[in-house]
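Residue-level structural notes
Each chain, written out:
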Amino acid sequence: MKIVACYSNKGGVGKTATSVNLAYAIAQSGQRVLLCDLDPQGASSFYFRVKPSKKLTDERFFKDVERFTKAIRGSDFDNLDILPANMSFRDFDVFLSRMKNSRSRLKKALKAVDGDYDVVLLDCPPNISTLSENVFRSADRIVVPVIPTTLSERTFEQLLAFFDEHKLNRKKLLPFFSMVERRKSLHTQTMGRLRNRYKKLFLDSTIPYATDIEKMGIQRAPVLSYAGSRAAGRAYDEFWREIIKKLQKKV
Amino acid sequence: MFLVRGPIDRQMFGKPGGKLVPVWHEDDSEERYVLLDCFDQSIRRSGAVLIEAAGQLTLIGRDGRTVVQPATRTGNFVGDLEPGPVRRALGMVPELRSLLEIGTGKFRQSRLALIDGEQKTHARARFLTLRPETASSVSEEAEITLASVQGLRGYDKAYRALRKKLGAEVKDDGVASALYGGPVAYIAKPDIKMTGDEPAFQAASDIISAYITVARQNEPGIIADYDTEFLHDYRVALRKIRSVLSLFKGVYGDAETEMLKSEFSELMVPTGRMRDLDVYLLDQDHYFEMLPETLHSGLTKMFDLFSKERQAGLRAFTRRLRSSGYNKKILVLAARFADRDTLDPGPNAKLHATDYACALIWKRYRKVCKIASGIDDQTEDEEVHELRIHCKKLRYLMEFFAPLFPSGEIKGLIKPLKRLQDNLGLFNDYSVQQISLQAFLEDHPTSRSKDNLAIAQSIGALTAALHQRQLDERAKVVSNFTQFDSPEVRKKFRSLFHKKGK
């Protein structure tokens, strides 16, 4: 089981769209996916039409295997379940490590329903906190959407600094360019500069700024499920394949 | 998997005021399906159903579990199907039985989703509706629907509610009995009702009458040449009739018995060579394995000739089965054994069936033991053949009269007998095959052509191999009889068939 976090220390960069579409694409490929909506705004749950559970707000939640597994909801798509969480995260690291420990009750409880999850995808809230640090340690990879603008460039550098400061493995980071507008010279220039500065760190695939992605709010479904053959759909398709390849490699 | 008989009432899935709304989705239009099974309906008897529709084979098991695979195949035997889950699950179909079209009908598929106010699905169901076409009409009453419910994690309530609405889950052979209608039409070994109090004349005539029906049921399949089992079953049925005539001594008058025996023998005559050829052809791979590759070309030529001979034989036999002469003859025989007024009863006709059965079986059993006890490794083959024939007769008698004895008892005795019979059967087959290969050689003299020379070489080697096999089987006879001749078996035979005071 691999844990992939989707994280950005800046809002409005397409983080939830990334989580939702990545989860959907991997599930479609036949792997079992659990998407954990850790963002207090609960947006990825919204896209899958799953109502956030009111009972899950207290922190005892992560200690309680039964409450955790009961909160999981099947999405309308095969192989894709949602944990519509909306909670405090004091014990989140404990929870993540239990998820990986094959002898833990949590792991067994997760397995009981339909076989093991192959990928657990975490849609993280947008701030650097104790939670984030725990996530960075437990996750196998951290997918980071970056809009190619000067402001995003700065927040990305802050994230790198945080990693160095806390002796976290930078190689876990999978930054990629999000909401890219090819017509804007600022975007192309920024992308060029960052790719040059951080050799091989950024993913090759990029996600464009597209109305089809914005329409997710109306469709309440992953882009790939309604616009799979269009530009945005094709971009997400390339994107998940690259992520899966990276996941197979050790850091 | 749920089974619903008759049309589905869609109203029941979403009552007004309920929280969840039912959304129906129809998959394509109605399509034709074909119900497949072999002639003896092995699939149905196992409680399963095999359907071909829209390029797919769907096997619905006794428990409703369904497997699907592409319908593409090279022939209609299970071995001709592509490797896949359906083929793997069709173990109940005999290897030599061809799949046939047993029935047809229309099917359609639909899906149901129960969704909430956020348009989120809480539970789903798939429906496969099958409407069998009967000769008389396509009635909605005969329609059945198979439903499978899919729950989504965390929405147990909707899942449970949906299952509850669908009612009973498929069990036993619910699907099969719904789709086939009527009892299994063909049974190679029919259960013949016997009380034991009927006179021997009636018992014998009941058995013969039942097996005339069995033989006749195989005629269309022989003509269509679906598989070799039709001819085989036809022959077995006639052979059983002949056994009754020769084993049930004195039930019919002597002259009557002789005449009937010759009439049934005559029916069988043209089938003998064809059956031999079937056996050779079915065993082809085996023969090729027996010989080194250098001798394969002769075998190939020989099998080509066999296959041509079989085709010609089948054409001739088909003509015969369709001829008015044959049909008249068998109809007359069937009518005589149904009415029985014209049958001449013999001195034993009025004997009590059970007493008669016990006497016959006991006598035959003693005979088998007597011959077998005299057999050792030095005994002439003739004696071994003799033993084989008596074992066969004993087996037939036990099977004919099985309904008169506690079920299970006869089976328990047949099992060790069968082992001995299999051994003796192989011994006989290898011996007969050597003789018939020699005869074949004499019909194709080596001087005539180069092909015949190759055939002769192969037959020579084959005969040697068969002879060795015959010796191997011969060596097992004594030990197999010793196993059959155990104290328990002896005791059982005595207690069942030789009760004191009878």
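None of these values were measured; they are calculated from a predicted model. Position numbers for residues count from 1 along each chain, tracking the sequence in the order it is written. To read the labels, note that chains go from A and ligands from 1, taken in the order they are written. Restriction of local features to residues with pLDDT of at least 70 applies here, the model being predicted, together with a cutoff of 80 or more for giving and counting side-chain atom pairs; totals for whole chains, interfaces and linings are based on all residues.

**Some points on the overall build of chain A**
- Counting from the N terminus, the helices are the DSSP runs of H or I reaching at least four residues and the strands are the DSSP runs of E reaching at least two. Scanning chain A for helices and strands turns up twelve helices and seven strands.
- Residue burial here comes from a neighbour count, namely the number of other C-beta atoms, placed from the backbone, that lie within 10 Å of the residue's own C-beta, with 20 or more meaning buried, 12 or fewer meaning exposed, and in between meaning partly exposed. Residues counted as buried form 43% of the 251 residues belonging to chain A.
- Within chain A, contacts between residues separated by at least 24 positions form 78% of all contacts whose residues are at least 6 apart in sequence. Here, residues touch in the contact sense if the C-beta positions derived from the backbone fall within 7 Å of one another.

**Focus on the interface of chain A and chain B**
- Listed as interface residues are nine residues of chain A and, on the opposing side, eight residues of chain B.
- Any residue that is not Ala, Val, Leu, Ile, Met, Phe, Trp, Tyr, Cys, Pro, Asp, Glu, Lys or Arg is counted as polar, Gly included; the first ten are nonpolar and the last four charged. For the side of chain A that touches chain B, the residue count by class is three nonpolar, one polar and five charged.

**As for the domain arrangement of chain B**
Residue and element names in this part refer to chain B.
- For the purposes of this description, domain bounds are those given by an automatic or database domain assignment. Segmenting chain B into domains produces domain 1 (2-180), domain 2 (195-351) and domain 3 (352-502).
- Relative to domain 3, the C-alpha centre of domain 2 lies at a distance of 20 Å.
- If you look at the interface, domain 2 gives 23 residues, while domain 3 gives 21 residues.
- Listed by contribution, the elements that provide at least two residues to the side of domain 2 that touches domain 3 are α5 (200-217), α7 (229-247), α9 (284-290) and α10 (296-322).
- No other element matches α10, which puts five residues into the side of domain 2 that touches domain 3.
- Tallied by class, residues from the side of domain 2 that touches domain 3 come to 13 nonpolar, five polar and five charged.

**Section: unusual backbone geometry**
- Of note, lysine 167 of chain A is a non-glycine position whose phi angle comes to about 50 degrees, a positive value.
- By the secondary structure assignment, lysine 167 of chain A is in the loop between α7 (150-165) and β7 (173-177).
- Of note, aspartate 225 of chain B is a non-glycine position whose phi angle comes to about 55 degrees, a positive value.
- Mapped onto the fold, aspartate 225 of chain B is located in the loop between α6 (219-224) and α7.

**Looking at the sheet that holds strand β8 (residues 144-151) of chain B**
All names here are of chain B.
- The pairing criterion for strands is at least two bridges between them, as found by DSSP. An order of β1-β8-β7-β6-β2-β3-β4-β5 is seen for the eight strands of this open sheet, with the pairing classed as antiparallel. At either end of the open sheet lies a strand with only one pairing partner, and these are β1 (2-5) and β5 (66-70). The average undirected angle you get between the axes of adjacent strands in this sheet is 30 degrees.
- Across the face of the sheet, helix α3 (residues 156-166) comes into contact with β1, β6 (100-115), β7 (121-132) and β8 while running at roughly 165 degrees to β8. Between the N-to-C directions of two axes lies an angle of 0 to 180 degrees, each axis being a line fitted to C-alpha atoms and, for a helix, fitted only over the stretch in contact.

**Side note on the sheet that holds strand β1 (residues 2-6) of chain A**
All names here are of chain A.
- Overall, mixed pairing links the seven strands, which are arranged β3-β4-β2-β5-β1-β6-β7 in an open sheet. Each end of this open sheet is capped by a strand with a single partner; those strands are β3 (73-74) and β7.
- For strand β2 (residues 33-37) and strand β5 (residues 119-123), the ladder comprises five bridges, and the chain directions are parallel. Note on β5: the bridge partner recorded for cysteine 36 is leucine 122.

**Side note on the environment of leucine 291 of chain B**
Residues and elements named next belong to chain B.
- For leucine 291, the position within the fold is in the loop between α9 and α10.
- What makes leucine 291 partly exposed here is the crowd of 18 C-beta atoms within 10 Å.
- Once residues lying within four places of it in the same chain are set aside, the contact partners of leucine 291 are His296, Leu299, Ser458, Ala461, Leu462 and Ala465.

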